[in-house]
Every structure is written in C-alpha cells, then in structure tokens.
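# Breakdown of the fold
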Amino acid sequence: MFVLCQYSARVMHLPIKGFYQMKEKENNTIDLLVQLKLNENLKNSFSHCFVNLPFFNRGPVSVSECLTSQGNLSVSTADPRVLVWNIGQKFPSKTLEVILKATLRCDPSKKLSSLQQDEFCIGNNCYIQVYFKIADYSLTNCNIDSKTVQVTPSIKYKINSVTELQASDYKIWNSHGDAVVGFPAPKFLDL
C-alpha cells in the first residue's frame, strides 16, 4: 500500500480555538491556563487529541497542582521538560470546551544538555502544540471517487480511499510572551 495523494489546505475557520496563559512566579514556579474550544462545525470524534506543553531552558518540570475539565496531564517520558495533556477522543458535547489549570515547578539546576534547546523560548516566551486526527473528515470537502480511478496497464486492483483531518504544526503562543504573532483572546473565553 502507498499514499497516492496528500495535500495541505488553508482554512477560514480554525478547527480548535485556543488560549494559553503562562506566568512565571518566584521559586521556579509557573502558573498556567489552557482553554481549547472545538469549532461547532467540526466532527467531535478524534482518533487522538493531545497537547504538548514544552518548557525549554528550564530543566525538568513537575506538576504541583492540576485541574483539568477532561483528560489527564503527565510529564513526557521522552523529555522531562514537556508536559502532555491527553484530552481523549471527544470534547464535552454541551460546551465543546476543555480547560487545564496547573501550577508547575521547574528545576533549572538540572541541566539537560543532550536535549534540544530553543533560544527564543525563554522567560514568558512559550507555546503549546495541539495534535489531533479525525478520521473520515475533511475541512475542504475534497474527496476521491474510487470508482473513477483508472490504473494503467489494466490490472486487478483494490482502491482504499481514506479521508482524515490531521494537525501538523498547530501552535498557540503564550498571551504574556513576546511571540512573533499574537491575537487577543476570543470573546467566547470571557477572560
């Protein structure tokens, strides 16, 4: 089996709207708030949906307090500077919104020189990265009719056409940082 066609598209409406607020306090403590809202026109059924929260240049991260409206938060086994919020396969059907509030502690005395550093992500400059995949869905309504596909030379074949929406580089920057691009918080978040 091989991939015959794959494409990227720009869309007018974001599949998931988000807000990220991280404040660094004294004693290497961090308060953070993440709010994500699923677009009401999007299919609410994910193969996976999770958020990575990297904290470069700070050392290993541990969670002091955590409150999630859905899913669980853990430290990545691959990189102790990254938190992983596993949201699950659906957003709550009434609100289509999930919230994470947490207090973290960092240990900058433990240098992790073997891991990649990001020179821009210091102080309040940081982001979260959203990963999701929705099977049998497309934002562009682009579909392949498998009955009209022709193969030359003529042989017996079976076509398996799959449509899926997958996030590849979906970053939300800290509203308190000096990010290259930033937008005010959407009105639906009531912040």
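Here goes a summary of the coordinates provided. Chains are numbered independently. Their residues run from 1 in the order of the written sequence. Two thresholds apply to this predicted model, a pLDDT of at least 70 for residue-level local features and 80 or more for giving and counting side-chain atom pairs, whereas whole-chain, interface and lining totals are computed over all residues. Remark: hydrogens and water are excluded; side-chain values derive from all non-hydrogen atoms of the structure.

Moving on to the sheet that holds strand β4 (residues 61-68). For two strands to count as paired, DSSP must find a minimum of two bridges between them. Numbering of helices and strands runs from the N terminus; a helix is a DSSP stretch of H or I covering at least four residues, while a strand is a stretch of E covering at least two. With antiparallel pairing, 4 strands are arranged side by side in an open sheet as β1-β2-β7-β4. On the outer flanks of this sheet lie β1 (16-24) and β4, each paired with one strand and no other. When the angles between neighbouring strand axes are averaged without regard to direction, this sheet yields 15°. Axis lines are fitted through C-alpha atoms, for helices just across the contact stretch, and the angle between N-to-C directions can take any value from 0 to 180 degrees.

Counting 36 residues, the largest nonpolar core has Tyr20, Leu32, Leu36, Leu53, Phe55, Trp85 and Phe132 as its most contacted members. Contact between two residues is taken to exist if any of their heavy atoms lie within 4.5 Å; hydrogens are not considered. Look past the residues within four positions of Tyr20 in its chain and what remains in contact with it is Leu32, Leu33, Val34, Leu53, Phe55, Cys126, Tyr127, Ile128, Ile172, Trp173, Asn174 and Ser175. We define the nonpolar core as a collection of buried residues of types Ala, Val, Leu, Ile, Met, Phe, Trp, Tyr and Cys that are connected through side-chain atoms lying within 4.5 Å of one another. A 1.4 Å probe rolled over the protein chains alone gives each residue an accessible area, and that area as a share of the maximum for its type sets the label: buried under 20%, exposed over 50%, partly exposed in between.

Every case where a carboxyl oxygen of Asp or Glu lies within 4 Å of a side-chain nitrogen of Lys or Arg is listed as a salt bridge. The full count for this structure, using the stated rule, is 4 salt bridges. The partner of Glu24 in a salt bridge is Arg58, and the shortest N-O contact between them spans 2.9 Å. Of the two residues, Glu24 is situated in strand β1 and Arg58 in the loop between β3 (48-54) and β4; the sequence distance between them amounts to 34 residues. For Arg58, a relative accessible area of 8% corresponds to the buried category. The salt bridge involving Arg81 is made with Asp79; its shortest N-O contact spans 2.8 Å. We note that Arg81, like Asp79, is buried.

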